[in-house]
Amino acid sequence: FGQPEGKSTATADTKEPTALSAVRSGRKKQMNTTRLTIKNDRFILDGSEFTILAGSIHYFRVHPELWSDRLARLRAMGLNAIQTYVPWNFHEPFPGRVDLASPSRHLFRFLRLAQAHGLLVVLRPGPYVCAELEFGGLPAWLLADGPVALRTYAQPYLGHVDRWWGVLLPALRAEGLLLDDGGPVMMLQIENEYGHFGDASRTAADRMYLEHLVELARRYLGGGLLLFTVDPDDDAKLARGTLSVGASKYGDQARRRHVNVWRCRGGLFGGRHPRLSSILFVAPSRPIWFSFRMIAPSSPTPSRPIYLSPSPRSPPSFPLPS
């Protein structure tokens with residue numbers, strides 16, 4: 001699926017950590033080991049404490065000829081990682097026709113370029129990604145046959161998810177892009193802000209859906225890759241979007257160290273800091289997600305929407321500034 005365009009031109013004032021040098025070169029520090037782990041609420045990379053500073057870059061919104069330049073700029077900012085979504089509708093515009101190789105959709109080339117620039121990767125493949133995309137990145141053809149329940153343990157949605165991830169995830173591993181295989185991908189997000197939509201704490205079908213995604217990730221990517229969920233800094237939504245203790249077999253503390261499903265809060269640090277579209281991972285028990293979006297007050301559990309086939313509608317109107 002292509003090769004990196006070249007080495008990073010970014011420079012740094014300090015010596016690059018050994019762990020990141022290994023990421024840049026693509027070599028493993030240790031064979032047959034899990035390189036990124038969690039101990040005492042700290043990330044441990046190759047045996048040393050590691051703070052993940054990840055900036056957001058959406059390869060599907062950047063011309064592929066500019067990927068290397070933009071990644072070099074992120075590295076020059078002092079970041080050691082990037083995060084990116086993988087929009088389903090961008091890669092599977094028609095059912096069963098997955099495109100991971102055309103220039104603008106060459107995800108694996110983008111990930112290799114990130115590695116060439118010394119950047120680790122937090123991958124966020126949804127299946128629902130939001131990302132301010134139409135339908136949250138879900139393919140419109142999901143609605144072709146009429147009403148369908150989405151983002152829950154129900155057919156035919158789940159069968160389409162299985163097919164999509166059944167192509168994407170095995171290819172990631174086959175291409176050697178996981179951290180333990182010498183690649184840059186160190187973490188993978190399960191769904192996206194699910195507490196806004198479902199309720200894994202009370203609704204069996206929603207819990208089973210998230211568990212099914214975890215099982216797909218483990219089946220195709222192995223047991224070493226860290227998995228996590230992200231929800232707003234709102235206890236009600238956090239509970240609905242998390243595979244929590246008592247609600248899920250993957251929330252049990254005794255097994256959690258093996259399953260590695262961690263939850264991340266979203267919100268503002270101290271309420272006064274700039275709202276940046278990036279993730280600052282300091283500790284898995286309390287990472288911070290700076291978001292452009294306002295934090296809404298807690299609200300009652302929403303009723304599940306059933307999405308209908310598209311119908312003509314008037315364009316929205318926006319008030320002019322006074």
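Look up a bit, the structure's there.
Conventions and cut-offs
Residues numbered from 1 in each chain as written. Predicted model: local features only at pLDDT ≥ 70, side-chain atom pairs only at ≥ 80, totals over all residues. Heavy atoms only, no water. Core = buried A, V, L, I, M, F, W, Y, C linked by side-chain atoms within 4.5 Å. Buried < 20%, exposed > 50% of the residue type's maximum accessible area, 1.4 Å probe, protein only. Helix = DSSP H or I, 4+ residues; strand = E, 2+ residues; numbered from the N terminus. Contact = heavy atoms within 4.5 Å. Axes fitted to C-alpha atoms, helices over the stretch in contact; angles between N-to-C directions. Parallel < 35°, antiparallel > 145°, perpendicular 65-115°, else oblique. Left-handed = near helix turned anticlockwise from the far one by under 90°. Pairing = 2+ DSSP bridges. Right-handed = clockwise from strand over helix to strand, strands pointing away. Phe/Tyr/Trp six-rings, centres within 6.5 Å; stacked < 30°, edge-to-face > 60°. Lys NZ or Arg CZ within 6 Å of the ring centre and 35° of its normal. Polar contact = N/O pair within 3.5 Å; in protein donor to acceptor, adjacent residues only side chain to side chain. Nonpolar A, V, L, I, M, F, W, Y, C, P; charged D, E, K, R; others polar.

**Here's the deal with the nonpolar core**
Residues Ile82, Leu111, Leu168, Leu172, Leu188 and Ile190 are the most contacted members of the largest nonpolar core, which totals 61 residues. Mapped onto this core, the elements with two or more residues apiece are helix 2 (67-76), strand 5 (81-85), helix 3 (88-91), helix 4 (107-116), strand 6 (120-124), helix 5 (157-174), strand 7 (185-189) and helix 6 (204-221). The element contributing the most residues to this core is helix 5, with nine residues. Ignoring any residue separated from it by four or fewer positions in sequence, one finds Leu111 in contact with Val121, Leu123, Leu172, Leu177, Pro184 and Val185.

**Some remarks on the packing of helix 5 against helix 6**
Interhelical geometry of helix 5 versus helix 6 gives an angle of 30° and a closest axis separation of 9 Å. By the criterion of interaxial angle, the relationship of helix 5 to helix 6 is roughly parallel. Here helix 5 and helix 6 pass one another in a crossing that is right-handed. Note on element contacts: helix 6 touches helix 5 through Tyr209, His212, Leu213, Leu216, Ala217, Tyr220 and Leu221, opposite Tyr157, Leu158, Val161, Asp162, Trp165, Gly166, Leu169, Pro170, Leu172 and Arg173.

**What to know about the pairing of strand 6**
The element strand 6 is largely enclosed, with a buried count of five among its five residues. Residue alternation in strand 6 divides its side chains into two sets, Leu120, Val122 and Arg124 and Val121 and Leu123, and both sets are buried. By the bridge criterion, five bridges tie strand 5 to strand 6 in an arrangement that is parallel. Within strand 6, the residue paired with Ile82 across the bridge is Val121. Pairing between strand 6 and strand 7: three bridges, direction parallel. Paired with Leu123 across the two strands is Leu188, which belongs to strand 7. Taking the sense of rotation as the criterion, the β-α-β connection linking strand 6, helix 5 and strand 7 turns out right-handed.

**Quick look at the packing of aromatic side chains**
Under the definition given, this model contains twelve aromatic pairs. Considering the side-chain rings of Trp67 and Phe110, the 5.4 Å spacing of their centres and the 75° angle between planes classify their relative orientation as edge-to-face. Residue Trp67 is found in helix 2, and its partner Phe110 is found in helix 4; the two are separated by 43 residues along the sequence. On the basis of relative accessible area, Trp67 is assigned to the buried category, the value being 0%. Seen from their ring centres, Tyr194 and Phe197 are 6.3 Å apart, and the 50° between their planes marks the pair as tilted. The class for Tyr194 is buried, based on a relative accessible area of 1%. By relative accessible area, Phe197 is classed as buried at 9%. An aromatic cluster is defined as three or more aromatic residues linked by ring pairs; in this entry it consists of Trp88, Trp141, Tyr157, Trp164, Tyr194, Phe197 and Tyr209. The ring centre of Phe197 lies 4.6 Å from the NZ or CZ of Arg151, which sits over that ring.

**Some details on the side chain of Arg35**
Its place among the elements puts Arg35 in the loop between helix 1 (18-25) and strand 1 (36-39). Arg35 sits in the buried class, given a relative accessible area of 2%. Within the local environment of Arg35, its side chain forms a polar contact with the side chain of Asp46, the two groups lying 2.7 Å apart.

**Some remarks on unusual backbone geometry**
For the peptide bond that leads from Gly126 to Pro127, omega is 15°, which places it in the cis range. Mapped onto the elements, Pro127 comes out in the loop between strand 6 and helix 5. The peptide bond linking Gln155 to Pro156 adopts the cis configuration, its omega dihedral lying at 5°. With respect to the helices, strands and loops of the structure, Pro156 is situated in the loop between strand 6 and helix 5. The backbone phi angle of Asp46 is positive, close to 50°, even though this residue is not glycine. Mapped onto the secondary structure, Asp46 falls in the loop between strand 2 (42-45) and strand 3 (48-49). On the accessibility criterion, Asp46 (13% relative accessible area) is buried. Phi is positive for Glu191, which is not a glycine, with a value near 55°. Checked against the element boundaries, Glu191 lands in the loop between strand 7 and helix 6. Note on Glu191: relative accessible area 1%, which makes it buried.

**Let's talk about the packing of helix 2 against helix 4**
At a minimum axis distance of 9 Å, the contact between helix 2 and helix 4 shows a crossing angle of 35°. Here helix 2 runs over helix 4; the crossing is right-handed. Here Trp67, Ser68 and Leu71 of helix 2 come into contact with helix 4, specifically with Arg109, Phe110, Leu113 and Ala114. The class makeup of the residues in the contact of helix 2 with helix 4 is five nonpolar, one polar and one charged.

**Some words on the side chain of Asn192**
For Asn192, the location among the structural elements is in the loop between strand 7 and helix 6. With a relative accessible area of 1%, Asn192 lands in the buried category. Looking at Asn192, its side chain comes within polar contact range of the main-chain oxygen of Val129, at 3.2 Å. For Asn192, the contacting residues outside a window of four places in its chain are Tyr85, Arg124, Tyr128, Val129, Cys130, Arg151 and Val230.

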